[in-house]
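Chains, contacts and geometry: an overview
One-letter residues, chain by chain:
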Amino acid sequence: MAILGRDTKKCPRCEAKCLQSQLRCPECGLIFSRMENATNAAAVQRFKEKDKEAVLYVKQVPKDKKRWKLILYTVLLGLFGGGYFYVRRWQRGLFYLLGFALLVVCVVFNAQLISVWDGVLIELLGIFVGVYGVAWIFDIVYVCTGKFKIPVSLPKEESK
Ligand SMILES: [Zn+2]
């Protein structure tokens, strides 16, 4: 039995393939209509309460965020983690800030560093900066193709 692409959708929580007509994911039990009420702000609230279980990482932009802003922040401020800070993925954002700081260190103090540190440290630094640069390019591709994951959660009163 062939299932046509337009008749199916992916569960935003577990990515299981579901039929368009299904109201609830057969794999994880998520009720799809509830996702319309999910917001990034609610996810921030859950992070504060250390309730990470209630946070979902979804590809669709929640109603309290804008796709064009996400793209703008990622392209223009992505080297500082702009897109991640916009959707409140703080830890990833900090990785980018650290990457940018090390990039500056590498560029500004390149000659001095090599004479002070031995080769292995310099190589590790270079690898980190390389990973960071490639990660940023991937981010741009991801936000433009709608694959960038955004933490969302349901407002308190609707989660039960
Ligand atoms: Zn599911």
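Further up the page is the structure itself.
Residues numbered from 1 in each chain as written. Predicted model: local features only at pLDDT ≥ 70, side-chain atom pairs only at ≥ 80, totals over all residues. Heavy atoms only, no water.

This part covers the overall build of the protein. When helices and strands are tallied, the protein shows five helices and four strands. Its helices and strands in sequence order give the protein the pattern β-β-α-β-α-α-α-α-β, from N to C terminus. Here the C-alpha radius of gyration of the protein, 20 Å, is well above what a compact globule of 160 residues would show, namely 15 Å. Its C-alpha atoms put the protein at 65 × 40 × 30 Å along the principal axes. Relative to its 160 residues, the protein shows a buried fraction of 31%. Taking contacts inside the protein between residues at least 6 apart in sequence as the whole, the part at least 24 apart equals 55%. Of the roughly 10400 Å² of accessible surface on the protein, a fraction of 63% belongs to carbon and sulfur atoms. If the 24 positive side-chain charges of the protein are averaged to one point and the 13 negative ones to another, these points end up 5 Å apart. (Helix = DSSP H or I, 4+ residues; strand = E, 2+ residues; numbered from the N terminus. Rg over C-alpha atoms; globule rule 2.2 N^0.38 Å. Buried < 20%, exposed > 50% of the residue type's maximum accessible area, 1.4 Å probe, protein only. Contact = heavy atoms within 4.5 Å. Areas by Shrake-Rupley, 256 points an atom, 1.4 Å probe, with all protein chains shown as cover. Lys, Arg positive; Asp, Glu negative; His and termini not counted. Charge placed at Lys NZ, Arg CZ, Asp CG, Glu CD.)

It is worth spelling out helix α1 (residues 40-48) at this point. N40, A42, A43, V44 and R46 are the residues of α1 that are buried. As for α1, its buried residues are in contact with α3 (82-86) and β4 (150-152). Where α1 begins, the capping side chain belongs to T39, and its oxygen is found 3.0 Å from the backbone nitrogen of A42. Where α1 terminates, the next one or two residues include K50, which has phi positive at roughly 55 degrees. (Polar contact = N/O pair within 3.5 Å; in protein donor to acceptor, adjacent residues only side chain to side chain.)

With that settled, consider the pattern of salt bridges. Enumeration over the complete set of coordinates arrives at three salt bridges. With a shortest N-O distance of 3.7 Å, E15 and K149 are connected by a salt bridge. Taken as a pair, E15 in the loop between β1 (8-10) and β2 (17-19) and K149 in the loop between α5 (119-145) and β4 lie far apart in primary sequence, 134 residues in all. Counted as one network, the salt bridges with shared partners bring together E15, K59 and K149. (Salt bridge = Lys/Arg side-chain N within 4 Å of Asp/Glu carboxyl O.)

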